[in-house]
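Here is what each chain is made of, one letter per residue.
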Amino acid sequence: MVDTKAKLDELVKILAIATEPAGEAGIAKRAKKGVPSVRERVNMLLDRGTFIETSALARQPDQPDALYGDGLVTGRGLIGGRPVVVIAHDQTVYGGSVGVTSARKFMRALQFAFDNACPVVTINDSGGARIQDAVGSIASFGDISRVLERLSGYVPQVSIILGKCAAGSVYGPINTDVLIGTRDSYMFVTGPEVIKAVNGEDITAEELGGAEVQAKRGTLHHVADNEQEAYDWARRYLSYLPTSCLEQPPVVNPGLEPEITASDRELDAIIPDSDRAGYDMHEILLRIFDDGEFHEVRAAFAPNLITGFARVDGYPVGVIANQPLVLGGSIDAACSDKSTYFIRLCDAFNIPLVFVVDTPGVLPGLEQEANGVIIRGGRVPRAIIEATVPIINLVVRKSYGGAYGMMAARQVGADISFAWPTARIAVIGAESAVDLIGKRQLAAVPQEQRAAAREFMVNHYNETIATPWIAAERGYIDAVIEPARTRLEIRHALRLLRDKPPVKPGFNPRKHPVYPM
Ligand SMILES: CC(=O)SCCNC(=O)CCNC(=O)[C@H](O)C(C)(C)COP(=O)(O)OP(=O)(O)OC[C@H]1O[C@@H](n2cnc3c(N)ncnc32)[C@H](O)[C@@H]1OP(=O)(O)O
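Residues numbered from 1 in each chain as written. Predicted model: local features only at pLDDT ≥ 70, side-chain atom pairs only at ≥ 80, totals over all residues. Heavy atoms only, no water.

1. Observations concerning the overall build of the chain
Next, step 1: A tally of regular secondary structure across the chain gives 21 helices and 17 strands.
Next, step 2: With respect to the principal axes defined by its C-alpha atoms, the chain has extents near 105 × 60 × 50 Å.
Next, step 3: Within the chain, the proportion of its 517 residues that are buried is 51%.
Next, step 4: Within the chain, contacts between residues at least 6 apart in sequence are counted, and of these 73% link residues at least 24 apart.
Next, step 5: Side chains of the chain carry 54 positive and 62 negative charges; the gap between the two charge centres is 4 Å. (Helix = DSSP H or I, 4+ residues; strand = E, 2+ residues; numbered from the N terminus. Buried < 20%, exposed > 50% of the residue type's maximum accessible area, 1.4 Å probe, protein only. Contact = heavy atoms within 4.5 Å. Lys, Arg positive; Asp, Glu negative; His and termini not counted. Charge placed at Lys NZ, Arg CZ, Asp CG, Glu CD.)

Given below as structure tokens:
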């Protein structure tokens, strides 16, 4: 005979335990740290009331006191009304470490995302592979890595970093698309105590892998002031992406402001008269896309290049722009990596690219050469050439030398290229050009007249060579446009390119190209 009521009572009791598996000790641990519970975290991320948990009762076999959930909460829910899979570590259960059972849950959740072609968001607060599970846990991380690779470029993957994450719990996230850390989070391969024990090095957690440091290294794509901001940032990021590479990104509020606005007209005066004066590129970006909105990604890393998302007539675009306020907007090794990554991210998810160009060229010097500026810079044009999404190129001021191609000149990959009348398109800047090819002429000028002669030659170069007119006359760019018309011209251009096919025509029997790495 089955005692149905007793069974139901047992279920209610077990579910209550599973909701707070570490009991009072877990609650006290969170209270001490001042952090929400893992399920509160999931609910802060998702649309209200949409979370459906899976495998809440999973626990280690053959251990009567094993804790439910095994340190991981998994399930599905909605963000902005669209499905996502969520995987979140419970720091109060085995330190959120990943054992054989939790790894199985992890894999099942990833498989669900694969089968249903929906994004994955992980909330990481974990010391990595569970030491007690020995080879079982490191083997499980191997399994997880293989599934993450299958998902990469197929569905968007976001990692939120909270607390102190180490080892497998940083290598997993770094293989996802975007990492968001709270200001008080840490990422390292091994923590300070292990380092002290292994090589005697005394180092603080902040120096080793604090959020600010990791953002400057490019490991974190955004540092949030608190958990809620981290979840909001992730939600906003996903609003620009399709649920998978099989879909198109969502369109939001098309058709607004079809005529030139007062904000558009401000663009006519934004480039300073002085060639050497800087200005904040954000001021341009905020005026050439919808609603003055720009969702910047990786702001703290290589800030001489800006990357982020915006909308053009409601359709998401990825934006890559030089920042004249930092290193004059020159291109260095770090910003080359930033650019390559962002091109591939957008291309993977059918998001057109808009390059906004004002760069004096590739940053010269020993430090850059030692940092691999050649090999890292070499990947940028490759990524542009391989991309199949529509690409727009807009030169607002300088576009010199190798940087011309690295910012998607039409000959490298732009489908449509524009320049403002203030554009300077040339092999090198005026001063360097005069010093290089005009040195014999200058040497022949009497010393007292040399400075004036040099200035004359610089002006002559700027007025006759480094202009957009030569590029326009010879067909290297498509049009020179009034700055105030830019927002509408980009709209028209992307409308023309809306049906660009996602494959390049022509058969090539190779397996894949070889990258400069
Ligand atoms: C593929 C791989 O992942 S191999 C590498 C395995 N992981 C590691 O080497 C990291 C080991 N862990 C650490 O270095 C530290 O715990 C840190 C840096 C992650 C966190 O440090 P702290 O914030 O000071 O927390 P603390 O060390 O107290 O750990 C919190 C709890 O998690 C447990 N824990 C942390 N990491 C692990 C782990 N990998 N396996 C099992 N338990 C772990 C701790 O034993 C502790 O348990 P308790 O609350 O019952 O005492």
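2. What to know about the UniProt feature "domain: CoA carboxyltransferase C-terminal" (unreviewed entry) in the chain
Next, step 1: Mapped onto this numbering, the UniProt entry annotates "domain: CoA carboxyltransferase C-terminal" (unreviewed entry) at residues 262–500.
Next, step 2: Within residues 262–500, the helical portion is 42% and the strand portion 18%, while the C-alpha atoms at the span's ends are 32 Å from each other. (UniProt positions renumbered as here; feature names shortened; annotations may be inferred.)

3. Structural notes on the packing of helix α3 (residues 38–45) against helix α10 (residues 227–239)
Next, step 1: Where α3 meets α10, the closest approach of the two axes is 9 Å, and the angle between their N-to-C directions is 40 degrees. Classified by the interaxial angle, the pair formed by α3 and α10 is oblique. At the point where α3 passes α10, the crossing takes the right-handed sense. Across from R41, M44 and L45 in α3, the residues of α10 making contact are E227, Q228, Y231, A234 and R235.
Next, step 2: For the contact of α3 with α10, the residue count by class is four nonpolar, one polar and three charged. (Axes fitted to C-alpha atoms, helices over the stretch in contact; angles between N-to-C directions. Parallel < 35°, antiparallel > 145°, perpendicular 65-115°, else oblique. Left-handed = near helix turned anticlockwise from the far one by under 90°. Nonpolar A, V, L, I, M, F, W, Y, C, P; charged D, E, K, R; others polar.)

4. Examining the UniProt feature "domain: CoA carboxyltransferase N-terminal" (unreviewed entry) in the chain
Next, step 1: UniProt feature "domain: CoA carboxyltransferase N-terminal" (unreviewed entry): in the numbering of this structure it lies at residues 4–253.
Next, step 2: The straight-line gap between the two end C-alpha atoms of residues 4–253 is 53 Å; of that span, 44% is helix and 17% is strand.

5. A few points about the pattern of salt bridges
Next, step 1: Under the definition given, this model contains 27 salt bridges.
Next, step 2: Between D143 and R146 there is a salt bridge whose closest N-O contact spans 3.8 Å. A residue pair is termed a helical-turn pair when its members lie 3 or 4 positions apart in one helix, as D143 and R146 do in helix α5 (residues 134–151) at three residues.
Next, step 3: On the basis of relative accessibility, which here comes to 33%, the residue D143 falls in the partly exposed class.
Next, step 4: Overall, the relative accessible area of 60% leaves R146 in the exposed class.
Next, step 5: A salt bridge links D264 to R487; the shortest N-O distance between them is 2.9 Å. Separated by 223 residues along the polypeptide, D264 in helix α11 (residues 262–265) and R487 in helix α21 (residues 486–496) bring together distant segments of the chain. Judged on exposure class, the residue D264 and its partner R487 are both buried. (Salt bridge = Lys/Arg side-chain N within 4 Å of Asp/Glu carboxyl O.)

6. Details of the site of the ligand
Next, step 1: In the neighbourhood of the ligand, 15 residues make up the surrounding shell, with K29, G127, A129, I131 and G168 lying closest.
Next, step 2: At a separation of 2.8 Å, a nitrogen atom of the ligand approaches a polar backbone atom of A129.
Next, step 3: I131 places a polar main-chain atom, nitrogen or oxygen, 3.0 Å from a nitrogen atom of the ligand.
Next, step 4: For the ligand, the accessible surface in isolation is 930 Å², of which the surrounding protein chains cover 60%. (Near = heavy atom within 4 Å. Polar contact = N/O pair within 3.5 Å; in protein donor to acceptor, adjacent residues only side chain to side chain. Areas by Shrake-Rupley, 256 points an atom, 1.4 Å probe, with all protein chains shown as cover.)

7. Quick word on the sheet that holds strand β3 (residues 82–89)
Next, step 1: Strands sit in the order β1-β2-β3-β4-β5-β7-β9 across an open sheet of seven strands; the sheet is mixed. Looking at strand neighbours, the two that pair on one side only are β1 (52–54) and β9 (222–224), the edges of this open sheet. Averaged over neighbouring strand pairs, the angle between their axes works out to 25 degrees when direction is ignored.
Next, step 2: Two strands pair when backbone bridges link them, and strand β4 (residues 120–124) and strand β5 (residues 157–161) are joined in this way by five bridges, in the parallel orientation. When the sheet's bridge partners are listed, T122 is paired in β5 with S159.
Next, step 3: Packing against the sheet, α3 makes contact with β1, β2 (72–79), β3, β4 and β5, and its axis sits at approximately 155 degrees to β3. (Pairing = 2+ DSSP bridges.)

8. Quick look at the environment of P249
Next, step 1: Summarising the element assignment, P249 is placed in the loop between α10 and α11.
Next, step 2: Accessibility expressed as a relative area gives 10% for P249, which makes it buried.
Next, step 3: Here the alpha-carbon distance between P249 and P316, two residues 67 residues apart in the chain, equals 6.6 Å.
Next, step 4: Leaving out residues up to four positions away in the same chain, P249 has contacts with Y240, L241, P242, P316, F349, N350 and I351.

9. Describing the side chain of D358
Next, step 1: Along the polypeptide, D358 turns up in strand β13 (residues 353–359).
Next, step 2: Relative accessible area serves as the criterion here: at 1%, D358 is assigned to the buried category.
Next, step 3: Polar side-chain contacts of D358 include one of 2.9 Å to the side chain of R397.
Next, step 4: A polar atom in the side chain of D358 sits 3.1 Å from the backbone nitrogen of K398.
Next, step 5: In contact with D358, not counting residues within four places along its chain, are Y279, M281, N322, P324, G328, G329, V396, R397 and K398.

10. Focus: the state of the cysteines
Next, step 1: Within the structure shown, the criterion is met by zero disulfides.
Next, step 2: Not engaged in a disulfide, the cysteine C118 finds its nearest cysteine sulfur in C245; these two sulfurs lie 13 Å apart. (Disulfide = S-S within 2.5 Å.)

11. A closer look at a nonpolar patch on the surface
Next, step 1: Together, L8, L11, L15 and L57 give the surface a local cluster of nonpolar side chains, amounting to about 330 Å² of exposed area.
Next, step 2: By secondary structure assignment, the location of L11 is in helix α1 (residues 4–19).
Next, step 3: For L11, a relative accessible area of 40% puts it in the partly exposed group. (Patch = residues over 30% accessible without salt bridge, like charges linked within 9 Å, V, L, I, M, F, W, Y side chains within 5 Å.)

12. Details of the confidence of the model for the chain
Next, step 1: The predicted model of the chain has a mean per-residue pLDDT of 95, with 100% of residues at 70 or higher.
Next, step 2: Overall fold confidence for the complex sits at a pTM of 0.94, while the interface term, ipTM, reaches 0.94. (pLDDT = per-residue confidence, 0-100.)

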